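Now for the letters of each chain:
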Amino acid sequence: QLDPENTGFIGVETFASLVHSHELPLDPAKLDMLVALAQGNDEGQVCYQELVDLISSKRSSSFKRAIANGQRALPRDVLLDETGLGIYKRFVRYVAYEILPCEMDRRWYFYQHRTCPPPVFMAAVTLTQIIVFLCYGARLNKWVLQTYHPEYMKSPLVYHPGHRARAWRFLTYMFMHVGLEQLGFNALLQLMIGVPLEMVHGILRISFLYLAGVLAGSLTVSITDMRAPLVGGSGGVYALCSAHLANVVMNWAGMRCPYKLLRMVLALVC
């Protein structure tokens, strides 16, 4: 009756009076969110599908965080039209369009994002890898193919299937690298892919993903080549690339990042 043309939309005031007159037992927080969503579209109308999704709790975690923090309204302007932003806020906007497929999600993330806690995991891992590489390079006076140096292989960090009893080696080998090329490649991908993912999904999820990739690498070597030593954070990097690839594929239609087809091919190549 309220939508004779079957558009799927009705006005906010009409919806509010409907809820009030029928005393519908709806969650007040979800009602507030629905009004915020309505304010975010051009017509200021309530969408039936958004109502169904919200009541059935199909909204993403960014919406749940927004509700918890009491952020009820969204500016209507598209994020790309924002002017006068500092370098960091421009980077946050870039991350929003890099990772999130929906304009509403992007805006919630952009206005909800806080600098604390910062994305420290990927930065800390990369910095540690660089420091370890520099220390061994200076000590051995060798900057390429360090694994060929006998003193390098005596490191307690290197993984070898013959040392499987020393369980820490399953993970610590990620701090060692063969040479500048391997270190540079891994560090670049960790920062380019890992930092945006960590900013959106948090340190716990990304650290678990990265360490799972590292562990998978050492376990694979254990059953495929019993003679091979293993160094480098490539296992974790491959896990990050796979996560980025999955993110692009699953959210293909809504992704606004440029050259997404080329980037998907590059992720597959890596």
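Please read these numbers as outputs of a predicted model, since none were measured by experiment.

The subject of this paragraph is helix α12 (residues 234-250). The end-to-end C-alpha separation of α12 is 24 Å, in line with the 24 Å expected for 17 residues at 1.5 Å each. Restricting attention to buried positions, one finds in α12 the residues Ser 234, Gly 235, Gly 236, Val 237, Ala 239, Leu 240, Cys 241, His 244, Leu 245, Asn 247 and Val 248. The elements touched by buried residues of α12 are α5 (87-99), α7 (120-140), α10 (180-201), α11 (203-224) and α13 (260-269).

Another aspect to go through is the side chain of Ser 207. Summarising the element assignment, Ser 207 is placed in helix α11. Engagement of the side chain of Ser 207 in a polar contact is seen with the backbone oxygen of Leu 204, the distance being 3.0 Å.

For the pair α12 and α13, interaxial distance at closest approach is 9 Å and the crossing angle is 145°. Relative to α13, α12 is oriented so that their crossing is left-handed. The residues of α13 that touch α12, namely those facing Cys 241, His 244, Leu 245, Val 248 and Val 249, are Lys 260, Arg 263, Met 264, Ala 267 and Leu 268. Of the residues that constitute the contact of α12 with α13, the class distribution is seven nonpolar, one polar and two charged.

Residues Tyr 109, Met 122, Tyr 152, Met 176, Tyr 210 and Leu 240 are the most contacted members of the largest nonpolar core, which totals 38 residues. Elements represented by at least two residues in this core include exactly α5, α6 (103-112), α7, α10, α11 and α12.

On to the layout of surface pockets, then. Any empty space left between the atoms is revealed when a probe the size of a water molecule rolls over them. Each pocket or cavity is described by its volume, and for the second largest pocket that value is around 310 Å³. What lines the second largest pocket is a set of 13 residues, and nearest its centre among them are Leu 189, Met 192, Ile 193, His 244 and Arg 263. When residues of the lining of the second largest pocket are assigned to their parent elements, the largest contribution, four residues, is made by α10. Considering only residue class, the lining of the second largest pocket consists of ten nonpolar, one polar and two charged.

Calculation rules
Residues numbered from 1 in each chain as written. Predicted model: local features only at pLDDT ≥ 70, side-chain atom pairs only at ≥ 80, totals over all residues. Heavy atoms only, no water. Helix = DSSP H or I, 4+ residues; strand = E, 2+ residues; numbered from the N terminus. Expected span 1.5 Å × (residues − 1). Buried < 20%, exposed > 50% of the residue type's maximum accessible area, 1.4 Å probe, protein only. Contact = heavy atoms within 4.5 Å. Polar contact = N/O pair within 3.5 Å; in protein donor to acceptor, adjacent residues only side chain to side chain. Axes fitted to C-alpha atoms, helices over the stretch in contact; angles between N-to-C directions. Left-handed = near helix turned anticlockwise from the far one by under 90°. Nonpolar A, V, L, I, M, F, W, Y, C, P; charged D, E, K, R; others polar. Core = buried A, V, L, I, M, F, W, Y, C linked by side-chain atoms within 4.5 Å. 1 Å grid on protein atoms, 1.4 Å probe; cavity = no way out; pocket = protein on both sides within 12 Å on 5 of 7 lines; lining within 4 Å. Points joined across faces, edges and corners; volume = space filled by probe spheres on them.

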